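Residue-level listing of the chains:
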Amino acid sequence: MRRRKSRFIAESNDWTFDLIEKYDRVIGELAADYGLDTYPNQIEIIRSDQMMDAYSSIGMPVGYNHWSFGKHFVEVQQNYQKGYMGLAYEIVINSDPCIAYLMEENTLTMQALVIAHACYGHNSFFKGNYLFRSWTDASAIIDYLVFAKGYISECEARHGLKAVEETLDSCHALMNYGVDRYKRPYPISAEEEKRRQAERAEYVQRNLNDLWRTLPKTRTDEPSDTPTFPDEPQENLLYFIEKNAPLLEPWQREIVRIVRKIAQYFYPQRQTQVMNEGWATFWHYTLMNRLYDERYVNDAFMMEFLTSHTGVLFQPGFDHPRYQGINPYALGFAMYSDIKRICENPTDEDREWFPDIAGGDWLEVLPIAMRDFKDESFILQFLSPKVMRDLRLFGIVDDDQESEFEVAAIHDSGGYKCVRELLASQYNTSDCEPNIQIVKADVDGDRSLTLRHQQHARRPLGDTTEHVMKHLHRLWGFPVYMESVWNDEVVSSKVCPESSDQAA
Amino acid sequence: MSYVIDRRENAKNKSAVNRQRFLDRYKKHIQKSVQEAVDKRSITDIERGEEVHIPSEDISEPVFAHGKGGKRSVVHPGNKEFIAGDRVPRPSGSGGGGGGEGEASDQGEGADDFVFRLTQDEFLDFLFDNLELPNLTKRHLKGNNSFKYEHAGFTSDGVPAKLSISRSMMAAKARRIALTGVSRKKLEAAASALSEAEEEGDEVSVKRLEEEMVKLEQRIDRVAFLDTNDLRYNLYVKRPIPTSQAVMFCLMDVSGSMDQAIKDMAKRFYLLLYLFLKRHYERTEIVFIRHHTVAKEVDEQEFFYSRETGGTVVSSALKKMQEVMAERYSPDEWNIYGAQASDGDNWNDDSPTCGKLLEESILPFVQYFAYVEITKRSHQALWREYAAVGEKFPDAFAQRHIKEVSDIFPVFHDLFQKKVVA
């Protein structure tokens with residue numbers, strides 16, 4: 001076979017802006033050739049300390065100030081300086097244009113890899129995946145973050161650092177409970193937010209006063225007839241607090257809202273870790289190989305790329321000292337690669353398990369597997385027996401009523417389905433986080449708030465519960481009750497503050 | 001379409017604010033660590049940063065989470081010999097179940113402290129937090145290298161290089177307007193009279209007015225466009241930049257009774273004082289004076305490490321200090337600080353002399369004089385003598401007692417505590 005004549009983009013491994021642009025152009029052309037649809041890219045070269053900044057603000061390019069980000073920064077800096085951890089080669093922001101940070105320390109090969117991974121892999125995922133499409137508004141996020149930062153620093157100037165910090169602390173504790181899991185949220189826009197912020201503050205306060213009207217009602221009807229408030233359990237704790245907490249100042253409500261909106265922005269990322277990383281890794285692998293086949297890069301480039309690629313995909317077994325759970329890069333990459341294989345070279349097993357896609361066009365199947373799923377459903381749909389065999393996956397059941405672990409299923413014909421279901425539920429955020437909802441706000445009585453924890457597989461709440469309840473109590477201002485329910489029976493209950501005689 | 005942007009020159013330390021917030025929040029813990037560090041550290045590296053431990057329960061950001069117990073299932077990779085239905089003993093260490101993340105994570109159950117490192121600056125900030133130098137007033141105008149030129153307005157004489165053109169032109173224009181005012185008014189009047197006369201056909205008047213106007217115009221023209229009087233020059237004055245400088249006198253007893261441990265404590269105290277002064281003054285000098293029966297000015301090495309024995313005459317050191325002050329450090333130019341460390345031993349007859357010397361020839365001229373007595377025994381004559389002096393100079397003199405290493409920082413802190421202005 002005659003190989004194409006070489007047309008290497010670069011021979012040396014030191015990057016220049018010129019070379020980065022060249023690589024980006026070539027990779028972009030190849031990506032378009034595969035049909036990857038992306039936002040425009042904004043590639044930013046930063047220093048390692050700026051990367052640490054980006055790290056510690058959980059990937060928000062513009063973050064409001066809070067001590068916890070300082071703590072993360074200190075942690076990252078520490079570990080990096082001591083050599084305990086390397087920094088990620090890139091961080092990519094779900095925005096339009098899609099911002100990708102490249103570290104100046106990277107070699108040219110790494111920059112090319114990162115461009116393929118972030119600017120075309122993650123970018124197309126952000127633009128294509130249904131969760132991102134319906135939950136986040138890539139074109140508005142930066143403006144919104146700028147608005148949030150400005151608003152919070154204004155609050156600090158007006159109400160003092162401490163008051164703002166306390167409110168933020170409490171909101172952060174409840175951040176995971178600040179999303180509507182089932183309702184599609186309104187898109188956010190900084191302009192709107194600013195314009196409507198004052199209006200909203202006034203409106204909420206007015207309605208709230210109505211809700212908490214203290215004039216005694218004429219007690220003619222039976223108390224059993226009075227409907228409970230809220231009429232349905234509320235899963236979005238922060239939303240409920242923003243709208244109904246009796247004692248919050250308007251600016252505090254706005255802060256609750258900001259944290260809630262940011263939680264919502266990050267919610268899809270938490271649910272698509274395997275898919276997102278798998279997708280990006282699959283594409284950088286495909287694009288790098290294509291670069292090599294087209295003779296844009298030399299052997300040295302490829303060797304360096306492969307070293308780094310295999311490093312990212314390292315998946316130690318459960319008994320390995322470095323085992324830290326399943327590596328989302330490895331699992332995601334294995335699954336997308338296997339989908340491609342099933343399309344191109346299906347076996348009888350594949351035809352049985354995946355009749356719809358076996359032998360199909362992988363360039364059509366793969367985008368579907370990216371677009372319309374989240375981790376849980378993706379695994380449930382596409383985890384093939386081959387991937388389970390390759391990774392030698394097995395499921396363990398740990399029941400505290402038994403003295404030993406039980407191996408529930410392994411990678412054999414009787415176990416594929418079970419392993420697949422167990423793994424999928426592991427990525428189901430509602431299984432991983434305790435299911436806690438607000439069931440009652442005692443509007444007519446002591447104004448206490450009651451939460452219900454619906455136990456999942458008898459799992460109780462952790463030690464942090466009381467701390468979080470303190471935060472909730474701070475926002476709510478009146479006693480907060482927590483009931484753990486298993487089989488329609490309250491198995492444990494807590495109250496904050498513990499001696500509720502001195503409420504508020 | 002892609003854009004490549006170089007952000008490397010962007011503001012450094014985007015996280016500095018957050019880091020500072022974090023430090024402020026855990027001030028209590030950090031200060032404790034700093035103080036312990038001062039007590040423990042070898043003297044030579046006291047200026048280094050420090051590791052701070054904060055118990056992790058104090059620093060956690062709690063969220064709702066599952067606790068141990070219940071029934072949970074986990075998928076792990078890397079199966080070797082298991083088949084479905086196998087029963088595996090619980091890994092040790094996770095008694096009540098757990099195992100949620102597999103065997104590997106079940107170590108380290110006890111929460112580790114959150115540990116991080118303060119930078120040198122942060123360390124010193126915490127070290128000297130809430131402290132201030134008493135009587136920090138003197139600012140000496142010294143040296144010929146610390147002047148700057150400042151613009152001080154305009155003058156009417158100077159060298160051509162300093163000519164201010166705009167100012168000169170302004171002055172010239174003002175002068176021209178002033179000097180030609182009368183003529184211009186007359187010219188206007190004549191012009192209007194002329195046009196009247198022309199209408200009336202009064203030939204004589206026309207001619208007379210025309211002649212008058214020519215004369216007036218000539219008169220206006222004769223006013224010079226620019227006159228020497230108009231010239232304005234920039235004025236610069238040489239202003240001395242005040243530089244503050246301090247000298248610190250370290251006085252130490254090296255008689256036989258001072259053993260190495262005591263000297264070590266004294267050295268720590270001096271070091272703190274030195275670091276502290278260095279933060280406040282652009283220039284800080286140190287004079288080491290050691291004494292037994294006679295006093296001698298020495299270098300640092302000799303001050304701390306050479307051994308000599310003999311009796312103790314404290315006044316000799318004070319006299320030496322007075323001499324050096326008179327010779328090199330005029331109180332007008334220097335902020336003078338004195339720190340004396342001793343184990344309290346003194347030749348009894350000498351103590352009143354010391355008191356007198358301090359009172360008359362030292363305290364009136366220094367910013368501050370601190371006496372620390374490092375001893376486990378009870379006080380002797382010198383302490384009582386100094387106590388009497390201290391009553392007369394409550395602002396400039398202080399004495400403290402140090403028993404062991406851990407007292408040093410509290411004593412130092414106490415000496416330089418910020419005084420609340422009443």
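Residues numbered from 1 in each chain as written. Chains lettered and ligands numbered in written order. Predicted model: local features only at pLDDT ≥ 70, side-chain atom pairs only at ≥ 80, totals over all residues. Heavy atoms only, no water.

K.L.:
Explain the overall build of chain A to me, please; I cannot follow it from the model alone.
P.N.:
Helix and strand counts for chain A come out as 20 helices and nine strands. Counting the 504 residues in chain A, one finds 56% classified as buried. Nonlocal contacts in chain A, meaning residues at least 24 apart in sequence, comprise 74% of its contacts between residues at least 6 apart. When the accessible area of chain A is evaluated, it comes to approximately 22600 Å², of which 48% is carbon and sulfur surface. (Helix = DSSP H or I, 4+ residues; strand = E, 2+ residues; numbered from the N terminus. Buried < 20%, exposed > 50% of the residue type's maximum accessible area, 1.4 Å probe, protein only. Contact = heavy atoms within 4.5 Å. Areas by Shrake-Rupley, 256 points an atom, 1.4 Å probe, with all protein chains shown as cover.)

K.L.:
Hey, could you run me through the sheet that holds strand 4 (residues 87-89) of chain B in this one?
P.N.:
Backbone-to-backbone hydrogen bonds pair the strands of a sheet. The strands run either parallel or antiparallel. Read from one edge of the open sheet, four strands run 3(B)-4(A)-5(A)-4(B), paired in antiparallel fashion. Since the sheet does not close on itself, it has two edges, and those belong to strand 3 (71-76) and strand 4 of chain B, each with one partner. Across the sheet, the axes of successive neighbouring strands diverge by a mean angle of 30°, strand direction being ignored. Across three bridges, the pairing between strand 5 (residues 404-410) of chain A and strand 4 of chain B is antiparallel. Residue pairing across strands places A:Glu406 opposite B:Arg87, the latter belonging to strand 4 of chain B. Here helix 18 (residues 416-426) of chain A sits on the sheet and contacts strand 4 (394-399) and strand 5 of chain A together with strand 3 of chain B; the angle it forms with strand 3 of chain B, its principal contact strand, is near 105°. (Pairing = 2+ DSSP bridges. Axes fitted to C-alpha atoms, helices over the stretch in contact; angles between N-to-C directions.)

K.L.:
Please explain the packing of aromatic side chains as it appears in this structure.
P.N.:
Given two aromatic rings, their pairing is described by the distance between the two centres and the angle made by the two planes. Residues and elements named next belong to chain A. This structure, assessed with the given rule, holds 38 aromatic pairs over all chains. Aromatic side chains Phe 378 and Phe 382 sit 5.7 Å apart centroid to centroid with 50° between the ring planes, which places their arrangement in the tilted category. Remark: Phe 382 and Phe 378 occur in helix 16 (residues 375-382); sequence separation between them is four residues, near one turn of the helix. Judged by its relative accessible area of 8%, Phe 382 is buried. Through successive ring pairs, a cluster of aromatic residues spans Tyr 34, Trp 279, Phe 282, Trp 283, Tyr 336, Trp 362, Phe 373, Phe 378 and Phe 382. The ring of Trp 353 carries the charged tip of Lys 417 above its face, separated from the ring centre by 5.3 Å. (Phe/Tyr/Trp six-rings, centres within 6.5 Å; stacked < 30°, edge-to-face > 60°. Lys NZ or Arg CZ within 6 Å of the ring centre and 35° of its normal.)

K.L.:
Would you mind showing me how to read the interface of chain A and chain B here?
P.N.:
Listed per partner, the contact involves 95 residues of chain A and 66 residues of chain B. Here chain A meets chain B over a buried area of about 7200 Å², counting both sides, of which 53% is carbon and sulfur. Between chain A and chain B we count ten salt bridges in total. Residues A:Glu165 and B:Arg25 are paired through a salt bridge, measuring 2.9 Å at the closest nitrogen-oxygen approach. Counting across the chain A and chain B interface gives 40 residue pairs in polar contact (both at pLDDT 80 or more). Per-element tally for the side of chain A that touches chain B: the top contributor is helix 3 (residues 67-82) of chain A, with twelve residues. Taken together, the residues of the side of chain A that touches chain B break down into 45 nonpolar, 25 polar and 25 charged. (Buried area = accessible area lost by both parts, 1.4 Å probe. Salt bridge = Lys/Arg side-chain N within 4 Å of Asp/Glu carboxyl O. Polar contact = N/O pair within 3.5 Å; in protein donor to acceptor, adjacent residues only side chain to side chain. Nonpolar A, V, L, I, M, F, W, Y, C, P; charged D, E, K, R; others polar.)

K.L.:
Which parts of the structure should I look at to understand the domain arrangement of chain B?
P.N.:
A common way to report how large an interface is uses the accessible area buried once the components associate. Along its sequence, chain B is carved into domain 1 (160-236) and domain 2 (245-416). Using only C-alpha atoms to locate each centre, domain 1 of chain B and domain 2 of chain B end up separated by 80 Å. (Domains from an automatic or database assignment.)

K.L.:
Please clarify how the environment of B:Gln301 should be interpreted in this entry.
P.N.:
Residues and elements named next belong to chain B. With respect to the helices and strands, Gln 301 occurs in helix 8 (residues 300-305). For Gln 301, a relative accessible area of 53% gives the class exposed. Spatially, the C-alpha atom of Gln 301 lies 21 Å from that of Ser 316, the residues being 15 residues apart in sequence.

K.L.:
Even after reading the chapter, I still don't get the environment of A:Ala163, so can you show me in this structure?
P.N.:
Looking at where A:Ala163 falls in the secondary structure, it is placed in helix 7 (residues 161-173). Taking the C-alpha atoms as reference points, A:Ala163 and A:Asp390, 227 residues apart in sequence, are found 54 Å from one another.

K.L.:
Just to check I follow, could you spell out the pairing of strand 9 (residues 283-291) of chain B for this structure?
P.N.:
The two faces of a sheet get side chains in turn, since along a regular strand they alternate between them. Residues and elements named next belong to chain B. The pairing of strand 8 (residues 245-253) with strand 9 spans nine bridges and is classified as parallel. Bridging across to strand 9, Asp 253 finds its partner in His 291. In textbook terms, the turn of a hairpin is the stretch between consecutive antiparallel strands, and for strand 9 and strand 10 (residues 295-298) this stretch comprises three residues.

K.L.:
Would you take a moment to explain a nonpolar patch on the surface for this structure?
P.N.:
Residue and element names in this part refer to chain B. A contiguous nonpolar patch, built from Leu 163, Ile 165, Met 169, Phe 225 and Leu 226 and spanning about 460 Å² of accessible area, is present on the exposed surface. Turning to its location among the elements, Met 169 is positioned in helix 5 (residues 165-200). Taking relative accessible area as the criterion, Met 169 reaches 33% and is therefore assigned partly exposed. (Patch = residues over 30% accessible without salt bridge, like charges linked within 9 Å, V, L, I, M, F, W, Y side chains within 5 Å.)

K.L.:
Mind showing me how you'd approach helix 9 (residues 237-244) of chain A here?
P.N.:
A turn of α-helix holds 3.6 residues, and therefore any two residues three or four places apart point the same way. Most of helix 9 of chain A is tucked away: six of the eight residues are buried. Inspection of helix 9 of chain A places A:Leu237, A:Leu238, A:Phe240, A:Ile241, A:Glu242 and A:Asn244 among the buried residues, and these make up the whole buried set.

K.L.:
Any chance you could explain the confidence of the model for chain B here in plain terms?
P.N.:
Atom-level detail of predicted coordinates should not be read off regions where pLDDT is low. Residue and element names in this part refer to chain B. Across chain B, the average pLDDT comes to 78, with 86% of residues at 70 or higher. Between residues 93-111, whose pLDDT stays under 50, and residues either more than four places distant or in other chains, the model counts 26 contacts. In the model output, the complex is listed with pTM 0.71 alongside ipTM 0.81. (pLDDT = per-residue confidence, 0-100.)

K.L.:
Please explain the sheet that holds strand 1 (residues 41-46) of chain A as it appears in this structure.
P.N.:
What the four strands build is an open sheet, ordered 2(A)-3(A)-1(A)-1(B); its pairing is mixed. Only two strands of the sheet have a single neighbouring strand rather than two, namely strand 2 (90-93) of chain A together with strand 1 (2-6) of chain B. Between one strand and the next, the sheet's axes are offset by a mean angle of 20°, whatever the strand orientation. Relative to strand 1 of chain B, strand 1 of chain A runs parallel, the two sharing five bridges. Paired with A:Gln42 across the two strands is B:Tyr3, which belongs to strand 1 of chain B.

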